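One-letter residues, chain by chain:
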Amino acid sequence: MVKVTNQTNERRICLYHQFIIEMIDLPDFKLRQMVKRSYGWVALLEPTPRCFLCPICGRKSIAHKRQKKRTLRHRVIPHFGFIHVEVPVYHQQCTTCLHVWSVQWQGVPQHGKVTDLFKKAVVTLCHESALQSVANTLRVPYTTVERWYYQWAEEEVENLHTMRTDPTVVCFGGGMSFTVVTGE
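All values derive from a computational prediction rather than experimental measurement.

S.K.: Sorry, what's going on with the confidence of the model for the chain here?
M.R.: Low-pLDDT portions of the prediction should not be read for the details of their coordinates. With 72% of its residues at a pLDDT of 70 or more, the chain has an overall mean of 78. A low-confidence stretch, residues 171-179 stays under pLDDT 50, and its non-local contacts, those more than four residues away or across chains, total 9 contacts.

S.K.: When you look at the packing of aromatic side chains in this model, what are you seeing that I'm missing?
M.R.: The tally for this structure, following the rule as stated, stands at 8 aromatic pairs. A centroid spacing of 5.4 Å and a plane angle of 70° characterise the contact between Y90 and W105, whose relative ring orientation is edge-to-face. Residue Y90 is located in the loop between β5 (81-88) and β6 (91-94), and its partner W105 is located in the loop between β7 (100-102) and α2 (116-128); the two are separated by 15 residues in the primary sequence. Taking 5.4 Å as the distance between ring centres and 85° as the angle between the ring planes, the aromatic pair formed by Y149 and Y150 counts as edge-to-face. Residue Y150 is classed as partly exposed on the basis of its relative accessible area of 46%. Here the guanidinium or amino end of R73 rests over the ring plane of F82, the centre of that ring lying 4.2 Å away.

S.K.: So what exactly am I meant to see when it comes to the sheet that holds strand β2 (residues 40-47) here?
M.R.: Strands pair in a sheet through their backbones, by hydrogen bonds, and they do so in one of two ways: parallel or antiparallel. Pairing is mixed in the open sheet, where 4 strands are placed in the order β1-β2-β5-β4. Two strands lie at the open edges of the sheet, namely β1 (29-37) and β4 (69-77), each paired on one side alone. The mean angle between the axes of side-by-side strands here comes to 25°, regardless of whether they run parallel or antiparallel. Across the face of the sheet, α2 comes into contact with β4 and β5 while running at roughly 30° to β4.

S.K.: Quick question: what am I supposed to make of the pattern of salt bridges here?
M.R.: For side chains bearing opposite charge, pairing can occur when the charged atoms are close. Tallied over the full model, the rule gives 3 salt bridges. In this structure, the salt-bridge partner of R50 is D28, at a minimum N-O distance of 3.4 Å. Here R50, found in the loop between β2 and β3 (61-65), pairs with D28, found in the loop between α1 (6-24) and β1; they are 22 residues apart in sequence, far enough to count as distant.

The rules behind the values
- Residues numbered from 1 in each chain as written.
- Predicted model: local features only at pLDDT ≥ 70, side-chain atom pairs only at ≥ 80, totals over all residues.
- Heavy atoms only, no water.
- pLDDT = per-residue confidence, 0-100.
- Contact = heavy atoms within 4.5 Å.
- Phe/Tyr/Trp six-rings, centres within 6.5 Å; stacked < 30°, edge-to-face > 60°.
- Helix = DSSP H or I, 4+ residues; strand = E, 2+ residues; numbered from the N terminus.
- Buried < 20%, exposed > 50% of the residue type's maximum accessible area, 1.4 Å probe, protein only.
- Lys NZ or Arg CZ within 6 Å of the ring centre and 35° of its normal.
- Pairing = 2+ DSSP bridges.
- Axes fitted to C-alpha atoms, helices over the stretch in contact; angles between N-to-C directions.
- Salt bridge = Lys/Arg side-chain N within 4 Å of Asp/Glu carboxyl O.

The structure is reproduced here in structure tokens:
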């Protein structure tokens, strides 16, 4: 029988913690705790400390209200379920012009119930299955999956317009060839 030392346990916990941080992949936050709730696992996050400048005058601000939190779907893990994140809602007030605003976190939309990473995961699943199948599996309305998919397609087309490469053949089939020009 192999004896597990405290140092080995600490190493395992550290690796688990690092894995969770990398899986969450939200640079503005640090992991406080993982908790199991009735709807799945939730990563309780807290923002890394920083100073928020007023978007109007660029001066220092203070915390206005901080009692709200939002829980959003964040990751889809096949055959496991969803990982959610709980993020605080920060309202700041400028000390000079008294403007009040909500802090926007990278990867967390101002409104909605899912993160940008979740949307991208859904779109990726749409490449492997029909949109209706993905919608049913993830319990997301079909029209929402469709909207996310076509928003992503528009972003990719815009990205193609900014690239500077030679024309590329992307598909041959049925006696026809298609060429996509990916830049000037």
